[in-house]
Amino acid sequence: MIRADAKYPQVAASIVADIDSGRLKPGDRLPSELELGAQHQVGRTTVRQAIDLLREQGRVQTVPAKGTYVTGDKTSAPVPPSRRLVDDLRAAITSGELKPGDPLPSEQELMDRYGLAAITITIALRKLRKEELIHHIPGRGRFAGPAPRKSQDRRTGQ
C-alpha cells in the first residue's frame, strides 16, 4: 500500500506525462537519478521508487551501466540509442527536414544527444553512408544526401 504522503507516485506520474505528451519517446534515456531528484526536489531513494513503479508498469526498462530507457508501453522494448540515431537521421533526410548538402550535427553533438561513444556514432553514420543518405567530405564534415558526383575529366570527357 502506498502511503498518502509518498512522493514517488507523483514523480512517476510526471515522467508518464512526459512520455504521453511525446517529450520522452520510446528509446529515450531518462535523466539520471540526480537530475530527476533535482528536477522534482526529492532524494534518490524517491526517484528509485518512482522508476521501480514505472518498470513494474512496463513504461521503462533499465539497462545496467547504460541507464533507464522509455519503452512506451508494456509490449515495446527500448530502442537502442544507436538505432534511434540512425532512424532519426534517416527520417530527417527522407522527410526533407535535412536537405541534400545540409550539414549533419557534429560527432560531439550526436554523442551528447544520444549518450553514445564516438566509435558507436561512427558505425551508425557508416550505415547511413552505405545507404547513400549521407556523405563525408574530409576536413569539412558529414552532409545529408549522396556524395556529389565528380565532374568529368576535362581531357577525356568522361
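Residues numbered from 1 in each chain as written. Predicted model: local features only at pLDDT ≥ 70, side-chain atom pairs only at ≥ 80, totals over all residues. Heavy atoms only, no water.

Enquirer: Explanation requested: the pattern of salt bridges in the structure shown.
Expert: Side-chain pairing between opposite charges can occur once the charged atoms of the two side chains come close. Enumeration according to the criterion identifies 11 salt bridges in this entry. With a shortest N-O distance of 3.0 Å, Asp 28 and Arg 84 are connected by a salt bridge. Placement of the pair is Asp 28 in the loop between α1 (8–21) and α2 (33–40) and Arg 84 in helix α4 (residues 81–94), with a sequence separation of 56 residues. Neither Asp 28 nor Arg 84 differs from the other in exposure class; each is buried. Salt-bridge contacts for Asp 87 lead to Arg 90; the nearest nitrogen and oxygen are separated by 3.2 Å. One end of the pair is Asp 87 and the other is Arg 90, both in helix α4 and 3 residues apart, which spans about a single turn. A residue is classified by how much of its surface remains accessible, and Asp 87, at 32% relative accessible area, is partly exposed. Residue classification places Arg 90 among the partly exposed positions, given a relative accessible area of 24%. Here the salt bridges share partners, and the residues they tie into one network are Arg 83, Asp 87, Arg 90 and Glu 131. (Salt bridge = Lys/Arg side-chain N within 4 Å of Asp/Glu carboxyl O. Helix = DSSP H or I, 4+ residues; strand = E, 2+ residues; numbered from the N terminus. Buried < 20%, exposed > 50% of the residue type's maximum accessible area, 1.4 Å probe, protein only.)

Enquirer: Where do I start with the environment of Leu 128 in this structure?
Expert: Following the sequence through the fold, Leu 128 ends up in helix α6 (residues 118–130). Leu 128 sits 16 residues away from Ala 144 along the chain, and the two C-alpha atoms are 9.5 Å apart.

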